[in-house]
Amino acid sequence: MASTLFKSASLSLLVSLFGCSEPASEHSSLENTPGVSLNNVKQHIKTLASDDFQGRGPLTHGEVKTVGYLSEQYEAMGLTGAYNGKFLQPVKMAMVTANQNMQLQVGDLKFKAGNDFTARTEQLQPVIDVRNSDIVFVGYGINAPEYNWNDYENINVEGKTVIVLVNDPGFARQNDALFTGNAMTYYGRWTYKYEEAARQGAKAVFIVHETAPAAYPWGVVESSNTGTKYTLMDNNLNASKLPVMGWLTLNTTEQIFNAAQLNYQNLKQKALSDDFKATALNLTANLSFKNEVSHAKSHNVVAQITGSDAPNEYVVIGAHWDHFGTKQTDSGPKIYNGAVDNASGTAATLEIARIMNQIHQQTPFKRSILFANFTAEETGLIGSQEFATGGVVPTKQMVGLLNIDGMNVLDGTDYILQYGNDLSTLENYLANAAKAQGRVVKMDPRPQNGLFFRSDHFSLAKQGVPSLLFMSLGDTDPDYIAHKYHKEADDYSPQWSLGGVKQDIELIVDIATKLANNGDWPTWTSDSDFKAKREQDKPH
């Protein structure tokens, strides 16, 4: 998306609202409305992240248990289903499992899947076959007119295999005058690399993995791109999608460039210059793999509290319910329970719903509150993409989205993280709510990771809905990204204090309560495609 936004990614509740940790009697007044019940939160996380839920993989028995549990919880609270009166919004999608017994051959070099590269597809074909495909290095694989940057200029990659760098030139140069410097733009995301290469007609794309610009180690790439993956379906078996979406390790990349008698590090530096030209390697790629493809319906879980004065205006609170399910390995099945990512966020939406519904019973909200638990976030924001098409609520009727993706399950902090800078007026709500708690807003300490473009709120942002991301993946646990993120070790721990969860639930309830009563329509503050879409919709 061409946008300068890519330069970075009612009444307040009374303090007494959160004064106790357990529910008060059902006849309590507004002032005595129960605060956050950490027992509730703990039980929800423990349940959702248990082995019984099999890692909450979409289109598995784990999904059946998960969406059933969430629906039962919302119904027991007295909320109503938001999809034609039902709690489950169907998401038509395909399940694609690439056989990992594949080999990438480049000239005389042969590479093993998993150790050296990954490859998958969203085309719904039983076999993907790349034969004698010319290899071209196209730098960062970016076509960004507003930055006067086009790596595909004067090169035809139709049917070819493209190698691209991860992130964008601004990060590599650490120059604020180039793209947005250290802060990743959408052009740096792997999703964009594939989208642009598909528009250019490439047969295969391999992104070079380096830990610093990618923001995660190779193990995350491998776990995220193997096993069963999911995709939305079109009427043409996704023929417009890339045949091969791949990654290369740095070692594999350097071997390929050496075979082409080229120096990878030198070419990477040249890719930072304005006069960079795509470079043919004079080598060909050969890769063939089989896919198991099945079509099925997954589900978003959607529940609502109906407003009294403006029931067709919606404050949306969301979190994805899915994780990576169960993977079969040589040592047996491994369950990826995703306790922090994102059983914690899903549990939070349930607790927020309980609190807000009890407030609503005392003094009805003017606007409606919509709770959305999305499917298949981990494989490309699929559930939120479907939600953003307006099948539940048109996006022009959404006031804003508060999206939770991994909470601080440890002790509370004196700050709240903000992702993106000067994007929308929702940032003012964040600052005010944090101040009321005696906290400060701390800017994303890792803007190079591009987290604003990596969770479900981005699907809604692209449709013009102002959004905030609440995420604490590893911010208070330095061991998390290296050893737990997208790994089997992301399990529930009874040692968690959940102090950070309590803080952030209180803060989110504060923001949502204001938006539900004050009639404000938050706006994008930077000129962008997001802002243009919102102004086009003219929600008010």
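Heads up: the structure comes first, above all this text.
If you're wondering where the values come from, they're calculated on a predicted model, not measured in any experiment. (Residues numbered from 1 in each chain as written. Predicted model: local features only at pLDDT ≥ 70, side-chain atom pairs only at ≥ 80, totals over all residues. Heavy atoms only, no water.)

Peer 1: I tried to follow the pattern of salt bridges on my own but got confused; where do I start?
Peer 2: Close approach of charged atoms allows side chains with opposite charge to pair. Across all of its chains, the model carries 11 salt bridges by this definition. Close ionic contact of D129 with R131 constitutes a salt bridge, the shortest N to O distance being 3.0 Å. Take R131: its relative accessible area is 61%, and that puts it in the exposed class. A salt bridge links R354 to E351, with the nearest nitrogen and oxygen atoms 2.6 Å apart. Of this pair, R354 and E351 are both found in helix α9 (residues 339–362), three residues apart, which corresponds to roughly one turn of the helix. For the pair shown, R354 and E351 are each scored as buried. (Salt bridge = Lys/Arg side-chain N within 4 Å of Asp/Glu carboxyl O. Buried < 20%, exposed > 50% of the residue type's maximum accessible area, 1.4 Å probe, protein only. Helix = DSSP H or I, 4+ residues; strand = E, 2+ residues; numbered from the N terminus.)

Peer 1: Help me understand the nonpolar core in this model?
Peer 2: Core analysis: the largest hydrophobic core is formed by 90 residues, its most contacted members being Y74, I505 and I511. In this view, I505 contacts V36, V41, A348, E351, I352, I355 and M407; residues no more than four positions away in its chain are not counted. Formed by 50 residues, the second largest nonpolar core is a distinct cluster that contains L104, I142, L272 and F458. (Core = buried A, V, L, I, M, F, W, Y, C linked by side-chain atoms within 4.5 Å. Contact = heavy atoms within 4.5 Å.)

Peer 1: Just checking my understanding: could you explain the pairing of strand β13 (residues 279–305) for this structure?
Peer 2: Side-chain direction in a regular strand flips from residue to residue, so the side chains alternate between the two faces of the sheet. Here two bridges tie strand β1 (residues 80–81) to β13, and the two strands are oriented antiparallel to one another. Of the residues in β13, the one forming a bridge with T80 is Q304. Bridge count for strand β2 (residues 88–98) against β13 is 11 bridges, and the pairing is antiparallel. Each bridged residue has a counterpart across the sheet, and for L88 the counterpart in β13 is V301. Bridge count for strand β3 (residues 103–106) against β13 is two bridges, and the pairing is antiparallel. From the neighbouring strand, Q105 faces β13, where its bridge partner is N286. In this sheet, β13 lies alongside strand β6 (residues 127–137) in antiparallel orientation, the contact comprising eight bridges. (Pairing = 2+ DSSP bridges.)

Peer 1: I keep staring at helix α14 (residues 499–517) and nothing clicks. Help me out?
Peer 2: Since there are 3.6 residues in each turn of an α-helix, residues three or four apart along the chain are aligned in direction. The terminal C-alpha atoms of α14, which comprises 19 residues, lie 28 Å apart, in line with the 27 Å expected from a rise of 1.5 Å per residue. In terms of burial, α14 is largely enclosed, as 17 of its 19 residues are buried. In the stretch just after α14, G519 is the one whose phi turns positive, near 75 degrees. (Expected span 1.5 Å × (residues − 1).)

Peer 1: Explain a negative patch on the surface to me, please; I cannot follow it from the model alone.
Peer 2: Together, D51, D52, E488 and D491 make up a region of like negative charge exposed at the surface. Residue placement: E488 occurs in the loop between α13 (480–483) and α14. (Patch = residues over 30% accessible without salt bridge, like charges linked within 9 Å, V, L, I, M, F, W, Y side chains within 5 Å. Areas by Shrake-Rupley, 256 points an atom, 1.4 Å probe, with all protein chains shown as cover. Lys, Arg positive; Asp, Glu negative; His and termini not counted. Charge placed at Lys NZ, Arg CZ, Asp CG, Glu CD.)

Peer 1: Would you take a moment to explain the side chain of E351 for this structure?
Peer 2: Take E351: its relative accessible area is 1%, and that puts it in the buried class. Side-chain polar atoms of E351 contact the side chain of N40, separated by 3.1 Å. (Polar contact = N/O pair within 3.5 Å; in protein donor to acceptor, adjacent residues only side chain to side chain.)

Peer 1: Explanation requested: the packing of helix α11 (residues 426–436) against α14 in the structure shown.
Peer 2: Packed helix pairs are characterised by how far apart their axes lie and by the angle those axes make with each other. With their axes 9 Å apart at the nearest point, α11 and α14 run at an angle of 125 degrees to one another. In terms of orientation, α11 lies oblique with respect to α14. Considering how the two elements wind past one another, α11 and α14 form a crossing that is right-handed. Contacts between α11 and α14 involve L426, Y429, L430, A433, A434 and A436 from the first element and L507, D510, I511, K514 and L515 from the second. (Axes fitted to C-alpha atoms, helices over the stretch in contact; angles between N-to-C directions. Parallel < 35°, antiparallel > 145°, perpendicular 65-115°, else oblique. Left-handed = near helix turned anticlockwise from the far one by under 90°.)

Peer 1: Would you mind showing me how to read unusual backbone geometry here?
Peer 2: For residues that are not glycine, phi is negative in most cases, and the peptide bond is trans in most cases. Put simply, D341 and N342 share a cis peptide bond, and its omega is 10 degrees. One can find N342 in helix α9. Residue Q261 is not a glycine yet carries a positive backbone phi of 60 degrees. Along the chain, Q261 turns up in the loop between α7 (250–259) and α8 (264–270). For Q261, a relative accessible area of 75% puts it in the exposed group. Within the chain, D422 stands out as a residue other than glycine whose phi angle is a positive 55 degrees. Secondary-structure assignment places D422 in the loop between β19 (415–418) and α11.

Peer 1: Looking at this structure, how should I read the environment of H486?
Peer 2: Note that H486 resides in the loop between α13 and α14. Accessibility expressed as a relative area gives 6% for H486, which makes it buried. Separated by 108 residues in sequence, H486 and E378 have C-alpha atoms that sit 9.2 Å apart. If we skip the residues at most four places from it in the chain, H486 touches V220, S223, S224, H323, F324, Y336, D341 and E378. At a separation of 3.0 Å, a polar atom in the side chain of H486 contacts the side chain of E378.

Peer 1: It is not clear to me how the environment of G307 should be interpreted in this structure. Could you clarify?
Peer 2: With respect to the element layout, G307 can be found in the loop between β13 and β14 (310–320). Separated by 198 residues in sequence, G307 and L109 have C-alpha atoms that sit 63 Å apart.

Peer 1: Sorry, what's going on with the side chain of T161 here?
Peer 2: Considering the arrangement of structural elements, one finds T161 in strand β9 (residues 161–165). For T161, the side chain forms a polar contact with the side chain of S133, separated by 2.9 Å. Those residues in contact with T161 that sit more than four places away from it in its chain are V130, S133, D134, I135, V136, A204, F206 and A285.

Peer 1: Just checking my understanding: could you explain the packing of aromatic side chains for this structure?
Peer 2: Where two aromatic rings form a pair, the distance of their centres and the angle of their planes describe that pair. In total, this model carries 24 aromatic pairs according to the counting rule given. Taking the centre distance of 5.7 Å and the plane angle of 90 degrees together, the rings of F452 and F453 count as edge-to-face. Taking relative accessible area as the criterion, F452 reaches 2% and is therefore assigned buried. Geometrically, the ring pair formed by Y492 and W496 is edge-to-face, given 5.4 Å between the ring centres and 80 degrees between the ring planes. (Phe/Tyr/Trp six-rings, centres within 6.5 Å; stacked < 30°, edge-to-face > 60°.)

Peer 1: Can you walk me through helix α6 (residues 218–225) in this structure?
Peer 2: Summarising burial for α6: six of the eight residues are buried, a large majority. Restricting attention to buried positions, one finds in α6 the residues W218, V220, V221, S223, S224 and N225. Residues of α6 that are buried sit in contact with β5 (117–120), β11 (228–232), β12 (244–248) and β15 (325–329). After α6 finishes, the residue G227 shows a positive phi value of roughly 75 degrees.

Distances and angles like these do not, on their own, reveal function.
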